[in-house]
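This is what each chain is made of:
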Amino acid sequence: MTSQDTTTQDAARESVTAAVLVIGDEILSGRTKDTNSGHIAERLAALGVDLREIRVVGDSTQEIAGALNALRARYDYVLTTGGIGPTHDDVTADAVAAAFEVGISENELAIAMLLERIRPEDLNEARRRMARVPHGAELIENDVSKAPGFWIGNVVCMAGVPAVMKAMLERVAPRLDRGAPSRARAIAAGAIPEGAYAAGLREIADAYPQVSIGSYPSFRNDSFHNEIVARGKDEATLAAAAAAIEGLLERLRAAGADVLAARTVPE
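All values reported here derive from a predicted model rather than from experimental measurement.

Trainee: Just checking my understanding: could you explain the overall build of the protein chain for this structure?
Mentor: Looking only at helices and strands, the protein chain has 10 helices and 11 strands in total. Taken over the C-alpha atoms alone, the protein chain extends approximately 75 × 45 × 30 Å along its principal axes. Of the accessible surface of the protein chain, which amounts to about 13,500 Å², a share of 50% is contributed by carbon and sulfur atoms. Side-chain charges of the protein chain comprise 28 positive and 38 negative groups, with the mean position of each set lying 2 Å from the other.

Following this line, the structure appears as structure tokens:
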């Protein structure tokens, strides 16, 4: 597994994997909408890191530790967001310490970072909670709130506030191992219903197992429009798969599949 001591390699690995663990009762209740996962996914994709899983857990030390142990054994990196603030329900640091079976205490450097923004007389017990760090972890600075995140093993713990999370992620990103970047081709299927091309699309997917192929319907201008997206790491293979998809759609249009769709309920 990759540790916080790893720096970006000159030669990209074939595959570097990651998971995101979103932490917070407010996410599960729907009160707060998770926008962090989407940003992390885009940033990792640009680095050539394959995001394989996103999981959401509440503010439970046991649940967070269990999820972390499952994910960190499976992927090269686990990036967490949420639960490192000053209130009683911010239990991520304790959960990480439990998962790694290490102690946790106030970190002097973290206290110094907090004092860059908070007056000494205002650094109360609640705010000092943000300086509690699992033993052996490295701090992640941020230029927004000064309260640090931390990195231990292959687990990167960041804030839940989007602006702060983004600042922390930019500190971390240059040090992540990188894999071969994925490329994407989007092919418009228009009004051709998914049911008309599903069988042919499966044949193409079977013929190009290195390429991830998905069909994505959308509704706009009072009608359905379908789009097929192919993703892969090898440009030549991706281009061949995209050409096969375009050929399939051309044959269906010639057979009148899009006209048929206009007279039926869209799929």
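Trainee: For this particular structure, what's the right way to read the sheet that holds strand β10 (residues 212-220)?
Mentor: In any sheet, the strands associate via hydrogen bonds between backbone groups, in a parallel or an antiparallel arrangement. Strand order across the open sheet formed by three strands is β9-β11-β10, with antiparallel pairing between neighbours. The sheet terminates laterally at β9 (183-190) and β10, the two strands that pair on one side only. Between one strand and the next, the sheet's axes are offset by a mean angle of 25 degrees, whatever the strand orientation. By the bridge criterion, seven bridges tie β9 to strand β11 (residues 223-232) in an arrangement that is antiparallel. Considered in β11, the bridge of Arg183 is made with Gly232.

Trainee: Explain helix α9 (residues 235-254) here, please?
Mentor: An α-helix turns once per 3.6 residues; consequently, residues spaced three or four apart project the same way. For α9, spanning 20 residues, the distance from its first C-alpha to its last is 28 Å, which sits close to the expected 28 Å at 1.5 Å a residue. Taken together, the buried positions of α9 are occupied by Thr237, Leu238, Ala241, Ala242, Ile245, Gly247, Leu248, Leu249 and Leu252. Of the residues trailing α9, Gly256 is marked for its positive phi of about 85 degrees.

Trainee: What should I look at first to understand the nonpolar core in this one?
Mentor: Note that soluble globular proteins tend to have their nonpolar side chains buried in a common cluster. Ranked by internal contacts, the top residues of the largest apolar core, which has 57 residues, are Leu21, Ile40, Ile64, Leu68, Leu79, Phe150 and Met158. The greatest single-element share of this core, amounting to seven residues, is contributed by strand β1 (residues 16-23). Not counting residues up to four positions away in its chain, the partners in contact with Leu79 are Ala18, Ala19, Val20, Leu21, Ile40, Leu44, Val156, Met158 and Leu169. Of all hydrophobic cores here, the second largest spans 17 residues; its members include Ala189, Ile228, Leu238 and Ala241.

Trainee: Would you mind going over the side chain of Thr80 with me for this structure?
Mentor: Position of Thr80 among the secondary structure elements: in strand β3 (residues 77-81). The contact partners of Thr80, leaving out residues within four places of it in the chain, are Leu21, Ile23, Leu68, Thr92, Val155, Val156, Cys157 and Met158.

Trainee: Hey, could you run me through the confidence of the model for the protein chain in this one?
Mentor: Parts of the model with low pLDDT should not have their predicted coordinates read in detail. Per-residue pLDDT for the protein chain averages 91, and the proportion of residues at 70 or more is 91%. Contacts of residues 1-11 to residues separated by more than four positions or lying in other chains number 30 contacts, the stretch itself having pLDDT below 50.

Trainee: Honestly, the pattern of salt bridges in this entry has me stumped. Any pointers?
Mentor: Inspection of the entire model under this criterion finds 15 salt bridges. Between Asp94 and Arg132 there is a salt bridge whose closest N-O contact spans 2.9 Å. A residue pair is termed long-range when its members are at least 10 positions apart, and Asp94 in helix α4 (residues 92-100) and Arg132 in strand β5 (residues 132-134) qualify at 38 residues. On the accessibility criterion, Asp94 (22% relative accessible area) is partly exposed. Using a relative accessible area of 23% as the deciding quantity, one classes Arg132 as partly exposed. Each of Asp50, Arg52 and Lys233 takes part in a single network of salt bridges with overlapping partners.

Trainee: What exactly am I supposed to notice about the pairing of strand β7 (residues 149-152) here?
Mentor: On any regular strand, side chains alternate: one points to one face of the sheet, the next to the other face. Side chains Gly149 and Trp151 project from β7 onto one buried face, and the interleaved Phe150 and Ile152 project onto a second face that is buried too. Where strand β6 (residues 138-140) meets β7, three bridges bridge the pair, whose relative direction is antiparallel. Paired with Ile140 across the bridge in β7 is Gly149. One ladder, built from three bridges, connects β7 with strand β8 (residues 155-158); its direction is antiparallel. Counted as the bridge partner of Ile152 is Val155 from β8.

Parameters and conventions
Residues numbered from 1 in each chain as written. Predicted model: local features only at pLDDT ≥ 70, side-chain atom pairs only at ≥ 80, totals over all residues. Heavy atoms only, no water. Helix = DSSP H or I, 4+ residues; strand = E, 2+ residues; numbered from the N terminus. Areas by Shrake-Rupley, 256 points an atom, 1.4 Å probe, with all protein chains shown as cover. Lys, Arg positive; Asp, Glu negative; His and termini not counted. Charge placed at Lys NZ, Arg CZ, Asp CG, Glu CD. Pairing = 2+ DSSP bridges. Axes fitted to C-alpha atoms, helices over the stretch in contact; angles between N-to-C directions. Expected span 1.5 Å × (residues − 1). Buried < 20%, exposed > 50% of the residue type's maximum accessible area, 1.4 Å probe, protein only. Core = buried A, V, L, I, M, F, W, Y, C linked by side-chain atoms within 4.5 Å. Contact = heavy atoms within 4.5 Å. pLDDT = per-residue confidence, 0-100. Salt bridge = Lys/Arg side-chain N within 4 Å of Asp/Glu carboxyl O.

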